[in-house]
Amino acid sequence: MADVSDLRKAIADIREDAEEVARRLLEEGVDPVKIIEEGVVKGLYDLGGKFERRQAFIPDLVKGSRIAKKCIELVEKALPREKAGAKRKVVIGTLLSKHNIGKNLVSTFLAINGFEVYDLGENLEPWTFYEKAEEVGADLIAVSIVFTPALTKFEELIRILKEMGVRDKYKVIVGGAVTSKEWAESVGADGWAPDVEGAVKLAKDLLGVS
Amino acid sequence: MLLRFKSQQRVFRIADVKVGGQPGENPAVLVGTIFHEGDKAVIDPVKGVIDKGKAEAALLRQDELSKSTGNPCMVDVVGRTGKALINYLDFVSDVTDAPILVDSPSPEARIEACRHAVEVGLEKRIIYNSISPDSSLREVETLKETGVESAVLLAFSECEFSPEEKLKLLSGEGEPLLLKAEKAGVRNVLVDVSLLDVASMAYAAESIMAVKEALGLPSGCSPANAFDTWRRVNELAPRAKRTCLASLCVFARCFGADFILYGPVRLAEAVFPACAMADAIFTYSLVKEGYEPEDKNTPLYKIF
């Protein structure tokens, strides 16, 4: 009989059979929320811990994230409907560059923490964030920046939101390799996070989600 | 013999630089980058205003090191806008005879600069950097119109790093990179297998060998960006950063890299002697078996 800790370990060890472990847990009747929270999320945190301790490397994070996403897609289908309801909506994407590792991890973690995530992808212009946020009625816009020229693009996004008269409709958060808390505050972001865990906590705090 | 691929290796000549072949035959081409984000020689990255004195000194030093070691060089010129890139190309092509990689995060800027380069007669010297899995059909068709003959093929997937995946990106189903290159009218291709951090050189080295073995194409990588993710390197020992960057380039060379984008051109002094030493050893591994280098302008006969 499989245990949720097996899934946690499979993800932390970046094993391709994690999805199979998740499937077995579902078949054995384990609560899907528990599978996600104690298996997938904790496994990813363990992997993140390995990265912090320099026992895992960027390709491992990317691979772990991909494996975790497969597990989440599988388990999400079994989630009770009420869990899917009344979600706060987040529009997320990478401004200007093609890098998506951090953004993907934040996207995954927001989704498994109960947010309805609209991942716009990479290489985006500010206007795309505004348009999508309006279209889906977002509560929060999350922007990943890993390329210095995108810093001015973020300021452009804030300007667009103000000019369109919707700045107060959205909480806007930012993070990424070339950003800092001081810079984020200076350009009018509602918050900045240094890592995935921080981003999820920030989103929850800003939207009053427990 | 240290390393030999079973498949026949393609060798391309770009301007006067030969790239590709069996390890030991043609020395690694070392590519220094200039006018990238954070380069102190850049005064206005939008208009392309530069400190010409600083930039010229760095480029000439790379040329000198190339001459003294026997490792050919190229220059990767990065520009944010088409206007900036054109200004940079005009400047660099006046200072050095080395082939030039036309590099920008913006495909429009790259195309605009390539069009200009062909107009001013640089078509044999420029290399489009790069055709990637994200390159659109429009980009490929426009590139063909420019008449550019050489391009880097960036075999990069953000989800998969394995050698098998690199080969799929190059010649698998759908719109693989080699098909895009053909559609773009590109004859000389350099495969950049890409890497994300220093540890992932493990994937890159395996991928270089896989690409050379399966396709026989000149292959290499860009350790520079990955190297910048290693923030602790200077805590290890004074000057560890330069030494380790040079070692990372040598590591790539030992697994068959035909070209290496080693980072800012100012780092040439660290990289050229180290790579030349590796190349000399590779050439000697052939010489001791009876091979006679066609070109005596090779590290084995220049650096000792």
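If you're wondering where the values come from, they're calculated on a predicted model, not measured in any experiment. (Residues numbered from 1 in each chain as written. Chains lettered and ligands numbered in written order. Predicted model: local features only at pLDDT ≥ 70, side-chain atom pairs only at ≥ 80, totals over all residues. Heavy atoms only, no water.)

**Brief notes about the domain arrangement of chain A**
Residue and element names in this part refer to chain A. Taken as a whole, chain A is organised into domain 1 (4-78) and domain 2 (89-207). Here the C-alpha centre of domain 2 lies 25 Å away from the C-alpha centre of domain 1. Residue-level contacts link ten residues of domain 1 with seven residues of domain 2. Carbon and sulfur atoms supply 76% of the area that domain 1 and domain 2 bury against each other, a total of about 930 Å² over both sides. Of all residues in domain 1, the largest losses of buried area upon contact with domain 2 belong to Leu44, Tyr45 and Lys69, amounting jointly to 42% of the total for that side. Our count for the contact surface shared by domain 1 and domain 2 stands at zero salt bridges. Inspection of the domain 1/domain 2 interface yields zero residue pairs in polar contact (both at pLDDT 80 or more). Every element with two or more residues in the side of domain 1 that touches domain 2 is listed here: helix H3 (32-52) and helix H4 (58-76). With six residues, H4 is the largest single contributor of residues to the side of domain 1 that touches domain 2. (Domains from an automatic or database assignment. Contact = heavy atoms within 4.5 Å. Buried area = accessible area lost by both parts, 1.4 Å probe. Salt bridge = Lys/Arg side-chain N within 4 Å of Asp/Glu carboxyl O. Polar contact = N/O pair within 3.5 Å; in protein donor to acceptor, adjacent residues only side chain to side chain. Helix = DSSP H or I, 4+ residues; strand = E, 2+ residues; numbered from the N terminus.)

**Things to note about the sheet that holds strand S10 (residues 188-192) of chain B**
Residues and elements named next belong to chain B. The strand order S3-S6-S7-S8-S9-S10-S11-S12 describes a closed barrel built from eight strands, whose pairing is parallel. Sheet twist, expressed as the mean angle between neighbouring strand axes with direction ignored, is 30 degrees. Taken together, the four bridges between strand S7 (residues 100-103) and strand S8 (residues 126-131) define a ladder with parallel strand orientation. By the bridge assignment for S8, Val102 is matched with Tyr128. In the packing of helix H10 (residues 240-254) onto the sheet, contacts are made with strand S11 (219-221) and strand S12 (259-264), and the angle to S12 comes to roughly 165 degrees. (Pairing = 2+ DSSP bridges. Axes fitted to C-alpha atoms, helices over the stretch in contact; angles between N-to-C directions.)

**Some words on the pairing of S7(B)**
Residue and element names in this part refer to chain B. Neither face of S7 is left uncovered, since the one carrying Ile100 and Val102 and the one carrying Leu101 and Asp103 both have all their residues buried. By the bridge criterion, four bridges tie strand S6 (residues 73-78) to S7 in an arrangement that is parallel. From the neighbouring strand, Val75 faces S7, where its bridge partner is Ile100. Taken together, S6, helix H2 (residues 82-95) and S7 constitute a β-α-β crossover, and its handedness is right-handed. Once you follow S7 into helix H3 (residues 107-119) and on to S8, the crossover reads as right-handed. (Buried < 20%, exposed > 50% of the residue type's maximum accessible area, 1.4 Å probe, protein only. Right-handed = clockwise from strand over helix to strand, strands pointing away.)

**Description of a positive patch on the surface**
Residues and elements named next belong to chain B. A grouping of Lys40, Lys54, Lys241, Arg242 and Arg266 is seen on the molecular surface, where their side chains present a positively charged patch. With respect to the element layout, Arg242 can be found in helix H10. The partly exposed category is assigned to Arg242, whose relative accessible area is 38%. (Patch = residues over 30% accessible without salt bridge, like charges linked within 9 Å, V, L, I, M, F, W, Y side chains within 5 Å. Areas by Shrake-Rupley, 256 points an atom, 1.4 Å probe, with all protein chains shown as cover. Lys, Arg positive; Asp, Glu negative; His and termini not counted. Charge placed at Lys NZ, Arg CZ, Asp CG, Glu CD.)

**Comments concerning the nonpolar core**
In terms of nonpolar packing, the biggest core is built from 89 residues, with Ile34(B), Phe35(B), Val77(B), Val92(B), Ile131(B) and Tyr262(B) touching the most fellow members. By residue number, the principal contributor to this core is H2(B), which donates eight residues. Other than its neighbours up to four places away in sequence, Tyr262(B) contacts Leu30(B), Val31(B), Gly32(B), Gln62(B), Ala224(B), Leu245(B), Cys249(B), Leu267(B), Ala268(B), Val271(B) and Phe272(B). With 43 residues, the next largest nonpolar core counts Val21(A), Ile67(A), Ile72(A) and Leu207(A) among its residues. (Core = buried A, V, L, I, M, F, W, Y, C linked by side-chain atoms within 4.5 Å.)

**Observations regarding the packing of aromatic side chains**
All names here are of chain B. Across all of its chains, the model carries eight aromatic pairs over all chains by this definition. Measuring from ring centre to ring centre gives 4.3 Å for Phe35 and Tyr88, while their planes differ by 35 degrees; the resulting arrangement is tilted. Of this pair, Phe35 sits in the loop between strand S3 (29-34) and strand S4 (42-44) while Tyr88 sits in helix H2, and the two are 53 residues apart along the sequence. You can call Tyr88 buried: its relative accessible area is 1%. Aromatic side chains Phe161 and Tyr203 sit 5.6 Å apart centroid to centroid with 50 degrees between the ring planes, which places their arrangement in the tilted category. On the criterion of sequence distance, the pair formed by Phe161 in the loop between strand S9 (150-154) and helix H5 (163-171) and Tyr203 in helix H7 (residues 201-215) is long-range, its members being 42 residues apart. Among the aromatic residues, those joined into a ring-pair cluster are Phe35, Tyr88 and Phe91. Over the ring of Phe282 we find Arg253, and its NZ or CZ is 6.0 Å from the ring centre. (Phe/Tyr/Trp six-rings, centres within 6.5 Å; stacked < 30°, edge-to-face > 60°. Lys NZ or Arg CZ within 6 Å of the ring centre and 35° of its normal.)

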